[in-house]
Amino acid sequence: MIFNPTYTGKQYWTTIIIAGLLLSILLSLTYIIFYERLYVEYSYLFSIIYLIPFVIQSITLAFFKNKFVWSEFSYGQAFLMSLMTGIIGAIVFSGVIYLLYAYIGMESRIELYENGRQMRELFSPKATAISMLIINIILSLVYSLIISIFARKKD
């Protein structure tokens, strides 16, 4: 008897949530390590943080497609999975950034630039967290559009 097992909604959303949380943990650890150990005023190495979501979203879709999908996997399903993974990761990562700057005591490096009041507002914990959230959601949208093209699977 030949049958085509396929994924359930529970497997789909569990994979999204776990991958989003892993993405946020990896982003947070990378940010902390780079910020504390490798921070210089003009560092291109710091931009690796913006490539991590692309890698994790790609791995998530590849894992899910190879592990659970035996029949059709549409572009829309792949796009939603990739986008939601990125959004969950972005939200949790922004929360961690806010906590790091507001309560845990990570110092803002405003002294490297200027001591003006406007610069302090632009680099406040809230502004930094919101900007990281917006940047990561936009990047996740772009990455999802690209990744989903290669992740779809037809019978």
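Please refer to the structure placed before this passage.
Residues numbered from 1 in each chain as written. Predicted model: local features only at pLDDT ≥ 70, side-chain atom pairs only at ≥ 80, totals over all residues. Heavy atoms only, no water.

Novice: I'd like a description of the overall build of the protein, backed by residues and values.
Specialist: A tally of regular secondary structure across the protein gives five helices and zero strands. Listing each helix as α and each strand as β along the protein from the N terminus yields α-α-α-α-α. Across the 155 residues that make up the protein, the buried fraction comes to 35%. About 9,600 Å² of surface is accessible on the protein, with carbon and sulfur atoms providing 69% of the total. (Helix = DSSP H or I, 4+ residues; strand = E, 2+ residues; numbered from the N terminus. Buried < 20%, exposed > 50% of the residue type's maximum accessible area, 1.4 Å probe, protein only. Areas by Shrake-Rupley, 256 points an atom, 1.4 Å probe, with all protein chains shown as cover.)

Novice: Could you give an account of helix 5 (residues 125-151), with specific residues and numbers?
Specialist: Its 27 residues place the ends of helix 5 37 Å apart at the C-alpha level, agreeing with the 39 Å of an ideal helix rising 1.5 Å per residue. In this structure, the buried side of helix 5 is in contact with helix 1 (9-37), helix 2 (52-68) and helix 3 (75-104). (Expected span 1.5 Å × (residues − 1). Contact = heavy atoms within 4.5 Å.)

Novice: For helix 3, give the residues involved together with the corresponding values.
Specialist: With 30 residues, helix 3 extends 41 Å from end C-alpha to end C-alpha; this agrees with the ideal 44 Å at 1.5 Å per step. Looking one or two residues past helix 3, Gly105 carries a phi angle of roughly 105 degrees, positive in sign.

Novice: How would you sum up the packing of aromatic side chains? Please name residues and give values.
Specialist: One pass over the full model with this rule turns up nine aromatic pairs. Seen from their ring centres, Tyr12 and Phe64 are 5.8 Å apart, and the 75 degrees between their planes marks the pair as edge-to-face. Residue Tyr12 is located in helix 1, and its partner Phe64 is located in helix 2; the two are separated by 52 residues in the primary sequence. Residue Tyr12 is classed as buried on the basis of its relative accessible area, which comes to 6%. Residue classification places Phe64 among the buried positions, given a relative accessible area of 0%. The interplanar angle of 80 degrees and the centroid separation of 6.0 Å between the aromatic rings of Tyr98 and Tyr103 together place this pair among those described as edge-to-face. Taking relative accessible area as the criterion, Tyr98 reaches 31% and is therefore assigned partly exposed. (Phe/Tyr/Trp six-rings, centres within 6.5 Å; stacked < 30°, edge-to-face > 60°.)

Novice: Residue-level account of the packing of helix 2 against helix 3, with values.
Specialist: Packing of helix 2 against helix 3 leaves a shortest axis separation of 9 Å and a crossing angle of 135 degrees. In terms of axis orientation, helix 2 runs oblique to helix 3. As for the relative orientation of helix 2 and helix 3, their crossing is right-handed in sense. Contacts from Gln57, Thr60, Leu61 and Phe64 in helix 2 reach Ala78, Met81, Ser82, Thr85 and Gly86 in helix 3. (Axes fitted to C-alpha atoms, helices over the stretch in contact; angles between N-to-C directions. Parallel < 35°, antiparallel > 145°, perpendicular 65-115°, else oblique. Left-handed = near helix turned anticlockwise from the far one by under 90°.)

Novice: Describe in detail the side chain of Ser144, supporting the description with residues and values.
Specialist: Take Ser144: it is sitting in helix 5. At 3.0 Å, the side chain of Ser144 forms a polar contact with the backbone nitrogen of Leu83. With sequence-adjacent residues up to four places away left out, Ser144 is seen in contact with Gln57, Phe79, Ser82 and Leu83. (Polar contact = N/O pair within 3.5 Å; in protein donor to acceptor, adjacent residues only side chain to side chain.)

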